[in-house]
Amino acid sequence: MDVQGLDRSALIVVDVQNDFCPGGALAVPGGDEIIPIINSLMPLFGHVALTQDWHPQGHSSFASTHGKAPFSLDEGPDRLGMLWPDHCVAGSRGADFHPGLRTDLARLILRKGTRKDLDSYSAFFENDGHTSTGLSGWLAALKVSAVYVLGLATDYCVRATAVDAANLGLEVWVLTEACRPVSPQDERIAVEAMKSAGCSMASIYELRSR
């Protein structure tokens, strides 16, 4: 890890929002525990991007939209995936960043999942796999070739963001101590998937000791 080049790298902070933290509609266990770590790391980077789920009412990923129970499978003709409790509805408190997060340290706030009929786990592409969010263009304009990824949740949006970044040819480091999973079992699967895509797992202590 080239810690001397952090001023030319980007930190991507994934979905640290009220609904993904304890007490939220789709809480990740211990999701708020990573916030002090994230706040301590952001000043080390030249570029910081925060992602934010920002769903319209009746979003296609909501179980309620389909008249099903949360965590059912969406078995529609165009997709197969998990159906979630209503969460991160645009303009709601649940969609806000956790109040402990230092949003003032960010250079970019990227809202995703804004289309009613299409979800977006990755910070780079919608779930159709080809509709860009614009993040790759922002990084290219800044001549950023290495990204460090952390946030919520390891087994969903962190995984998708890291894998897409690697597939775009970026050098990717995942700061696992500053991530939390929905499921510990799925976390192991996600880490292996990220490694297989070419991502490296990194320790926050390597960054703090620079």
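Our subject is the structure listed above.
Now for a quick tour of the structure. This structure is a prediction, so every number in the text was calculated from the model and none was measured.

### Quick word on empty space enclosed by the protein
Logical step 1: The tally for this structure, following the rule as stated, stands at 1 cavity of 30 Å³ or more.
Logical step 2: Surrounding the largest cavity, 14 residues form its lining, Phe20, Leu26, Trp84, Tyr156 and Cys157 being those nearest its centre.
Logical step 3: Broken down by class, the residue content of the lining of the largest cavity amounts to 10 nonpolar, 1 polar and 3 charged.

### Observations concerning unusual backbone geometry
Logical step 1: Note the cis peptide between Leu152 and Ala153, where omega equals -10 degrees.
Logical step 2: The topology assignment puts Ala153 in the loop between strand S6 (146-152) and helix H3 (154-167).
Logical step 3: The phi dihedral of Asp15 is positive, around 55 degrees, even though this residue is not glycine.
Logical step 4: By secondary structure assignment, the location of Asp15 is in the loop between strand S1 (10-14) and helix H1 (35-41).
Logical step 5: The phi angle at Phe71 is positive, at roughly 75 degrees, despite the residue not being glycine.

### Side note on the pattern of salt bridges
Logical step 1: For the structure shown, the criterion picks out 7 salt bridges.
Logical step 2: The salt bridge involving Arg180 is made with Glu33; its shortest N-O contact spans 3.3 Å. Within this pair, whereas Arg180 is found in strand S7 (residues 171-180), its partner Glu33 is found in the loop between S1 and H1, the two being separated by 147 residues in sequence.
Logical step 3: For Asp117, the salt bridge goes to Arg115, with nearest N and O atoms at 3.9 Å.
Logical step 4: With relative accessibility at 38%, the residue Arg115 sits in the partly exposed group.
Logical step 5: Among the charged side chains, a salt-bridge network with shared partners connects Asp15, Asp53 and Lys112.

### What to know about the sheet that holds S1
Logical step 1: Spatially, S5-S2-S1-S6-S7-S8 is the arrangement adopted by the 6 strands of the open sheet, whose pairing is parallel. Pairing within the sheet leaves two strands with one partner each, and these edge strands are strand S5 (108-112) and strand S8 (200-202). Mean inter-strand twist for the sheet, computed between neighbouring axes without regard to direction, equals 25 degrees.
Logical step 2: Relative to S5, strand S2 (residues 47-53) runs parallel, the two being bridged by 5 bridges. Bridge assignment links Asp53 to a residue of S5, and that residue is Lys112.
Logical step 3: In this fold H3 packs onto S1, S5, S6 and S7, with an angle of close to 170 degrees to the strand it touches most, S6.

About the criteria used
Residues numbered from 1 in each chain as written. Predicted model: local features only at pLDDT ≥ 70, side-chain atom pairs only at ≥ 80, totals over all residues. Heavy atoms only, no water. 1 Å grid on protein atoms, 1.4 Å probe; cavity = no way out; pocket = protein on both sides within 12 Å on 5 of 7 lines; lining within 4 Å. Points joined across faces, edges and corners; volume = space filled by probe spheres on them. Nonpolar A, V, L, I, M, F, W, Y, C, P; charged D, E, K, R; others polar. Helix = DSSP H or I, 4+ residues; strand = E, 2+ residues; numbered from the N terminus. Salt bridge = Lys/Arg side-chain N within 4 Å of Asp/Glu carboxyl O. Buried < 20%, exposed > 50% of the residue type's maximum accessible area, 1.4 Å probe, protein only. Pairing = 2+ DSSP bridges. Axes fitted to C-alpha atoms, helices over the stretch in contact; angles between N-to-C directions. Contact = heavy atoms within 4.5 Å.

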